Amino acid sequence: MEYPLTTSELSARKQTIARHFSQASQYDKHAHIQQQVCQHLLMAIDNTNQDSVLEVGAGTGKLTQLLAAHVKSARWSINELCEQQATHLQDLLPQAQILIGDAETMDLGGEHSLVISANAIQWFDDPLSFVAQSASKLKPNGQLLLSTFTPDNFLQIKTLTGQGLHYPDISEWQSALDQAGFRHIKLSTQRFEVPFTKPYEVLKHMKMTGVSTNQTHSNQTCGKQTIGEQAPNTHPFVWTKTRLQTFERDYWQQFSGIDERGQPCVYLTYDILVIDAHSP
């Protein structure tokens, strides 16, 4: 059992992210879309007999659990940012090497026949750079299988608050994959419109799944700005009573509808991007 890094060695931004997810104690109860994506990734794996599997950003281990049940591998490496998840992940895959730390900066070993990650790389400082990093970790004809989100993800939150992560678009991912020499590239999207009884429930859902609307960066200053940082002469986004009232009113006006039971609701958009490619 090996834990090469701990959260105390993370950057300030990554410590903030780790803290938010460690506090999301009901993540699995609320992360229905994320669980569907894990199933989709499992079905996209080319070969259930692998030489070496690297999972990046394992979180609470939903994908890890699926991999353990359906994939055979001579070696397993499971990376996760949150130190609190180490014991749980080791229990799911006792034979795995658990790598706690920042996947962007730590040694993830190599070479692997499969590099896989579910809904994690959007939290990277530079998500696109993970493509080249993965190419260096994969064996020839190894499979890279990632899920992340498109710029339309959580569009309601971005529209109403101006807050949100910067998600590269499909053309940027295609270019990064081409430049890294990947072949047989498949990029696919899937949109989910999730209904909630009221806007406050949207915010509660996001908090329960580790996302804090006042810890993401503004659309006007996204770029490489990091979580919790602000552009010069601006102030952190803080929920006030007036701002929350305006948010609720505008959400009903712009993003309401009728759910499958015929009840009024508001929607939150999940726009998933799945990346499937093979190394040279």
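Please refer to the structure placed before this passage.
(A) Representation of the overall build of the protein chain. A tally of regular secondary structure across the protein chain gives 10 helices and eight strands. For the protein chain, the proportion of its 280 residues judged to be buried stands at 52%. Approximately 13200 Å² of the protein chain is accessible, and the part contributed by carbon and sulfur atoms is 49%.

(B) Looking closely at the nonpolar core. Judged by nonpolar contacts, the single largest core of 45 residues is most densely connected at Ile116, Ile157, Leu268 and Tyr270. The biggest single contributor to this core is helix 3 (residues 32-44), with six residues. Not counting residues within four places of it along the chain, the set of residues in contact with Leu268 comprises Phe154, Gln156, Ile157, Phe192, Glu193, Val194, Phe196, Val202, His205, Met206 and Tyr251. Listed in part, the 21 residues of the second largest apolar core include Val56, Ile121, Trp173 and Ala277.

(C) Focus on the pattern of salt bridges. This structure, assessed with the given rule, holds seven salt bridges. In this structure, Lys137 engages Asp107 in a salt bridge whose closest nitrogen and oxygen atoms are separated by 3.6 Å. Here Asp107 lies in the loop between strand 3 (97-100) and strand 4 (112-118) and Lys137 lies in helix 6 (residues 129-137), a separation of 30 residues in the sequence. Bridged by salt links that share partners, the residues Asp152, Arg191, Glu193 and Asp271 form one connected network.

(D) Up close: the environment of Arg183. Within the secondary structure, Arg183 is located in strand 6 (residues 183-196). Remark: the alpha-carbon pair of Arg183 and Asn141, spanning 42 residues in sequence, is separated by 8.4 Å. The residues touching Arg183, leaving out its near neighbours within four places in the chain, are Asn141, Ala277, His278, Ser279 and Pro280. A distance of 2.9 Å separates a polar atom in the side chain of Arg183 from a polar atom in the side chain of His184.

(E) Just the packing of aromatic side chains, in detail. One pass over the full model with this rule turns up seven aromatic pairs. Consider the rings of Tyr251 and Phe255, whose centres lie 5.6 Å apart with planes at 75°: the pair is edge-to-face. Residue Tyr251 and its partner Phe255 are both found in helix 10 (residues 241-255); the two are separated by four residues, about one turn of the helix. With a relative accessible area of 0%, Tyr251 lands in the buried category. Using a relative accessible area of 15% as the deciding quantity, one classes Phe255 as buried. Every member of this aromatic cluster is reached through a ring pair, and the members are Phe149, Phe154, Tyr167 and Tyr270.

(F) Region of interest: the side chain of Gln90. Considering the arrangement of structural elements, one finds Gln90 in helix 5 (residues 86-92). A distance of 2.9 Å separates a polar side-chain atom of Gln90 from the backbone oxygen of Ala96.

Reading the values: rules and limits
Residues numbered from 1 in each chain as written. Predicted model: local features only at pLDDT ≥ 70, side-chain atom pairs only at ≥ 80, totals over all residues. Heavy atoms only, no water. Helix = DSSP H or I, 4+ residues; strand = E, 2+ residues; numbered from the N terminus. Buried < 20%, exposed > 50% of the residue type's maximum accessible area, 1.4 Å probe, protein only. Areas by Shrake-Rupley, 256 points an atom, 1.4 Å probe, with all protein chains shown as cover. Core = buried A, V, L, I, M, F, W, Y, C linked by side-chain atoms within 4.5 Å. Contact = heavy atoms within 4.5 Å. Salt bridge = Lys/Arg side-chain N within 4 Å of Asp/Glu carboxyl O. Polar contact = N/O pair within 3.5 Å; in protein donor to acceptor, adjacent residues only side chain to side chain. Phe/Tyr/Trp six-rings, centres within 6.5 Å; stacked < 30°, edge-to-face > 60°.

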